[in-house]
Amino acid sequence: MDENWLIVGLGNPGENYRFTRHNVGFRVVEALVLQHNVRLREKDEAIWGSFSLKGHEVFLFFPQTFMNESGRAVGPFTRYRQISRERVLVISDDLDLPVGKTRLKVSGGSGGHHGLDSIISHLGSSNFPRLRIGVGKPVSPGEGPNYVLSSFHPDEKLKIEQAVERARNGIETYILKGSETAMREINGDGDKT
């Protein structure tokens, strides 16, 4: 086996949060779970499972700590499984991208996302890849916390479904073909949606 990969979807646990804007990271990882028929287990503040992809063991990971404490689950798992930061791919929602746009970066700051802040803190570095999915902006900045906990409007749902599919496929491209090829696939979403 080559080095392991950890694919982290960010979101809040519980059915009442499942289809909120904040949980789009969970939805991408759920799509991978379904595609690869992964058996999930719950342990140490996370739900996780794994599958093999052409010689790579890929762990799929849902922190159960609530968004702002995501690093509390990610940090220990990464150390226990000896997964390098460069192979911890975190999927999150992004208020600065239009609904359905997807962007992959190999490192960077948190952009004010508290889930990413927590992971940066617990990994001791921001040097890990992240895949951001646009959920649109609230009308006023003060509405941010309520906005990310709201559901998508009917006219946004297709864009999000397409983004989840593009992200799911792009993650496999990243693992198998590297970041540049994956960025062309994930970031090249144009205005098709």
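For the structure itself, consult the block above.
Residues numbered from 1 in each chain as written. Predicted model: local features only at pLDDT ≥ 70, side-chain atom pairs only at ≥ 80, totals over all residues. Heavy atoms only, no water.

**Considerations on the overall build of the chain**
Right, so step 1: Secondary structure assignment for the chain yields six helices and seven strands.
Right, so step 2: Along its sequence from the N terminus, the chain presents helices and strands in the succession β-α-β-β-β-α-β-β-α-β-α-α-α.
Right, so step 3: Computed over the C-alpha atoms, the radius of gyration of the chain is 15 Å, within 12% of the 16 Å expected from 2.2 N^0.38 for a compact globule of 193 residues.
Right, so step 4: Each of the three principal axes of the chain carries a C-alpha extent, and together these read 45 × 30 × 30 Å.
Right, so step 5: A total of 193 residues make up the chain; the buried ones form 51% of that total. (Helix = DSSP H or I, 4+ residues; strand = E, 2+ residues; numbered from the N terminus. Rg over C-alpha atoms; globule rule 2.2 N^0.38 Å. Buried < 20%, exposed > 50% of the residue type's maximum accessible area, 1.4 Å probe, protein only.)

**Points about the sheet that holds strand S2 (residues 41–43)**
Right, so step 1: Sheet architecture is open: seven strands sit in the order S2-S3-S4-S1-S5-S7-S6, paired in mixed fashion. Of all strands in the sheet, those bounded by a partner on one side alone are S2 and strand S6 (102–105). Strand-to-strand, the axes of this sheet are offset by a mean angle of 25 degrees, without reference to chain direction.
Right, so step 2: Relative to strand S5 (residues 88–94), strand S1 (residues 5–9) is paired through four bridges, and the arrangement is parallel. Across the sheet, the residue bridging to Ile7 is Leu89, located in S5.
Right, so step 3: Here helix H2 (residues 70–80) sits on the sheet in contact with S1, strand S3 (46–53), strand S4 (56–63) and S5, set at roughly 155 degrees to S4. (Pairing = 2+ DSSP bridges. Axes fitted to C-alpha atoms, helices over the stretch in contact; angles between N-to-C directions. Contact = heavy atoms within 4.5 Å.)

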